[in-house]
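If you want the building blocks of each chain, they are given just below.
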Amino acid sequence: GGRVAVVDVDFHHGNGTQDIFWEDPEVLYVSLHGDPAGHYPHFTGAADEAGGGPGRGATRNLPLPDGTGDDAYLEALAEAMALVAAFDPATLVVSAGFDTFAGDPIGAFAVTTEGFGRIGAALAAAGRPTLVVQEGGYALDALGANTVALLAGIQGG
């Protein structure tokens, strides 16, 4: 039981997740993603979308510009994790997309394999029981290494 925070690090905005929890004050949804002006799903994920009704304020979107690399991504993730800390959830769910990778044919960010380790460490710093759900990632030759790096970062290695 208790409140849940969902942190979505997939390149694309999680329009379905946002829609499901739009009016739910018990679920914080925070998404870091490509600017919807230029990327799928195009019509959701703007910074001013914040939830509705009793869930107002429990949705936060952090659209980032094309070319966003490790340092800028980690800065945005720090902002997301500050929101998580303030929300004080019992559980953290990570929508783990690997299409933020520099070599991804669909995404437009420049996160490195090392960067995924840093992302994992930042997520683990929340100190919450954490469920990782794998989502996108289309640079198949690097997908395994990127996934291992994220999970190692979460595990503190």
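Residues numbered from 1 in each chain as written. Predicted model: local features only at pLDDT ≥ 70, side-chain atom pairs only at ≥ 80, totals over all residues. Heavy atoms only, no water.

1. Observations concerning the overall build of the protein chain
Step number 1: Summing up its helical and strand segments, the protein chain has 4 helices and 5 strands in all.
Step number 2: Put simply, the protein chain runs from its N terminus to its C terminus through helices and strands in the order β-α-β-β-α-β-α-β-α.
Step number 3: For a compact globule of 157 residues, the expected C-alpha radius of gyration is about 15 Å, and the protein chain comes in at 14 Å, within 12% of that figure.
Step number 4: Based on the C-alpha atoms only, the size of the protein chain along its principal axes is roughly 45 × 35 × 20 Å.
Step number 5: Looking at the protein chain as a whole, 48% of its 157 residues are labelled buried.
Step number 6: Taking contacts inside the protein chain between residues at least 6 apart in sequence as the whole, the part at least 24 apart equals 74%.
Step number 7: When the accessible surface of the protein chain is totalled, it reaches about 6900 Å², and 57% of it is carbon and sulfur.
Step number 8: Charge-centre separation for the protein chain: the mean point of 5 positive side chains lies 12 Å from the mean point of 20 negative side chains. (Helix = DSSP H or I, 4+ residues; strand = E, 2+ residues; numbered from the N terminus. Rg over C-alpha atoms; globule rule 2.2 N^0.38 Å. Buried < 20%, exposed > 50% of the residue type's maximum accessible area, 1.4 Å probe, protein only. Contact = heavy atoms within 4.5 Å. Areas by Shrake-Rupley, 256 points an atom, 1.4 Å probe, with all protein chains shown as cover. Lys, Arg positive; Asp, Glu negative; His and termini not counted. Charge placed at Lys NZ, Arg CZ, Asp CG, Glu CD.)

2. Examining the nonpolar core
Step number 1: Within the largest apolar cluster, 32 residues are counted, with the highest numbers of intra-cluster contacts made by V7, L32, Y73, L77, F116, I119 and L123.
Step number 2: At the level of secondary structure, the elements contributing two or more residues to this core comprise β1 (4–8), β2 (27–34), β3 (59–64), α2 (70–87), β4 (91–96), α3 (113–124) and α4 (140–155).
Step number 3: Here F116 is in contact with G97, F98, T100, F101, V111, N146, A149 and L150, once residues within four sequence places are set aside. (Core = buried A, V, L, I, M, F, W, Y, C linked by side-chain atoms within 4.5 Å.)

3. Some points on unusual backbone geometry
Step number 1: For the bond running from Y40 to P41, omega is 5 degrees, close enough to zero to count as cis.
Step number 2: Relative to the assigned elements, P41 resides in the loop between β2 and β3.
Step number 3: In this structure, H42 is a non-glycine residue whose phi angle is positive, near 70 degrees.
Step number 4: Summarising the element assignment, H42 is placed in the loop between β2 and β3.
Step number 5: Of the residues examined, H42 reaches a relative accessible area of 39% and is grouped as partly exposed.
Step number 6: With phi around 55 degrees, D88 is a residue other than glycine that occupies positive phi space.

4. Topic: the packing of aromatic side chains
Step number 1: Evaluation of the coordinates by the stated rule reveals 3 aromatic pairs.
Step number 2: Ring geometry for F98 versus F116: centroids 5.2 Å apart, planes at 45 degrees, classification tilted. Highlighted residues: F98 in the loop between β4 and α3 and F116 in helix α3, separated in sequence by 18 residues.
Step number 3: Classification of F98 by relative accessible area gives buried; the value is 3%.
Step number 4: Through a chain of ring-to-ring contacts, the aromatic side chains of F11, Y73 and F109 assemble into a single cluster. (Phe/Tyr/Trp six-rings, centres within 6.5 Å; stacked < 30°, edge-to-face > 60°.)

Take it as geometry only, folks, not as evidence of what the structure does.
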